[in-house]
Amino acid sequence: DAGVIQSPRHEVTEMGQEVTLRCKPISGHNSLFWYRQTMMRGLELLIYFNNNVPIDDSGMPEDRFSAKMPNASFSTLKIQPSEPRDSAVYFCASSHGEKPQHFGDGTRLSIL
Amino acid sequence: AQTVTQSQPEMSVQEAETVTLSCTYDTSESDYYLFWYKQPPSRQMILVIRQEAYKQQNATENRFSVNFQKAAKSFSLKISDSQLGDAAMYFCAYRSAQGSNYKLTFGKGTLLTVNP
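Quantities reported herein were computed from a predicted structural model and do not represent experimental measurements.

Draft legend 1. Highlighting the pattern of salt bridges. All chains considered together, the criterion is met by 14 salt bridges over all chains. As a salt-bridge pair, B:D26 and B:K73 come within 3.8 Å of each other at their nearest N and O atoms. Here B:K73 lies in the loop between β8 (64–69) and β9 (74–79) and B:D26 lies in strand β4 (residues 24–26), a separation of 47 residues in the sequence. B:D26 sits in the partly exposed class, given a relative accessible area of 42%. Between B:R50 and B:E52 there is a salt bridge, and its shortest N-O distance comes to 3.4 Å. The network of salt bridges with shared partners includes A:E62, A:R64, A:E83, A:R85 and A:D86.

Laid out in structure tokens, this is it:
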């Protein structure tokens, strides 16, 4: 079985540019999570979808961040405009109900 | 809000020896789940072990076991017969069992070095 698939694996861009991170959850999973990992703050939840509906977006830093889940097999996290402080590793995870979350390999984002 | 604390930023162990990683948490809930995740240099987040708070029996997975002390809100991970491949960052995580919000709250992690 394919795991959670994230793309791109690495992204380097200049500040002010729009960044779009993509995630394909495991087939059959109905919950999807976006986490951000930084040295200073560790792993933090940004947003959580259940059955494609956002349930908890309290971790989304500000209006520059937006996330969508148009269907059960795809989600995006967009940053517009990007800033150097957005540099981090962004993880997508999925789960089925109460079962443990499975993580993708993450996207390392560098904003210059 | 729940918090998870890992008081050991770094630990080291000799190959074949045993090491224990500490984790404490704060919650007012009675029903919840606790997890240990491993993050090797490859950056993957790999589930190591899971514990349901309502179970008194400590979870075990091969060389990995936990010491779950609910009253003390402590959840330590013991790695027996340490192997070089165990070297990684280890994260303790909490998840509520109430309602339908399944988000994980992570500790800051413990970097484990395994010496040959």
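Draft legend 2. Expanded view of the state of the cysteines. Across all of its chains, the model carries two disulfides over all chains by this definition. Between the sulfur atoms of A:C23 and its disulfide mate A:C92 the distance is 1.9 Å. Across the S-S bond of A:C23 and A:C92 the torsion is about -70°, and the bridge reads as left-handed. Of this pair, A:C23 sits in strand β3 (residues 19–24) while A:C92 sits in strand β9 (residues 88–95), and the two are 69 residues apart along the sequence. Each member of the pair, A:C23 together with A:C92, is buried. Covalent S-S linkage joins B:C23 and B:C92, the inter-sulfur distance amounting to 2.0 Å.

Draft legend 3. Broad picture of the interface of chain B and chain A. Listed per partner, the contact involves 20 residues of chain B and 26 residues of chain A. Of the roughly 1,900 Å² buried where chain B meets chain A, counting both sides, 50% is carbon and sulfur surface. When the area that chain B buries against chain A is broken down by residue, the three leading residues are B:R43, B:M45 and B:Y102, summing to 36%. Between chain B and chain A we count one salt bridge in total. Salt-bridge contacts for B:K103 lead to A:D56; the nearest nitrogen and oxygen are separated by 3.5 Å. Summed over the shared surface of chain B and chain A, the number is 11 residue pairs in polar contact (both at pLDDT 80 or more).

Cut-offs applied
- Residues numbered from 1 in each chain as written.
- Chains lettered and ligands numbered in written order.
- Predicted model: local features only at pLDDT ≥ 70, side-chain atom pairs only at ≥ 80, totals over all residues.
- Heavy atoms only, no water.
- Salt bridge = Lys/Arg side-chain N within 4 Å of Asp/Glu carboxyl O.
- Helix = DSSP H or I, 4+ residues; strand = E, 2+ residues; numbered from the N terminus.
- Buried < 20%, exposed > 50% of the residue type's maximum accessible area, 1.4 Å probe, protein only.
- Disulfide = S-S within 2.5 Å.
- Contact = heavy atoms within 4.5 Å.
- Buried area = accessible area lost by both parts, 1.4 Å probe.
- Polar contact = N/O pair within 3.5 Å; in protein donor to acceptor, adjacent residues only side chain to side chain.

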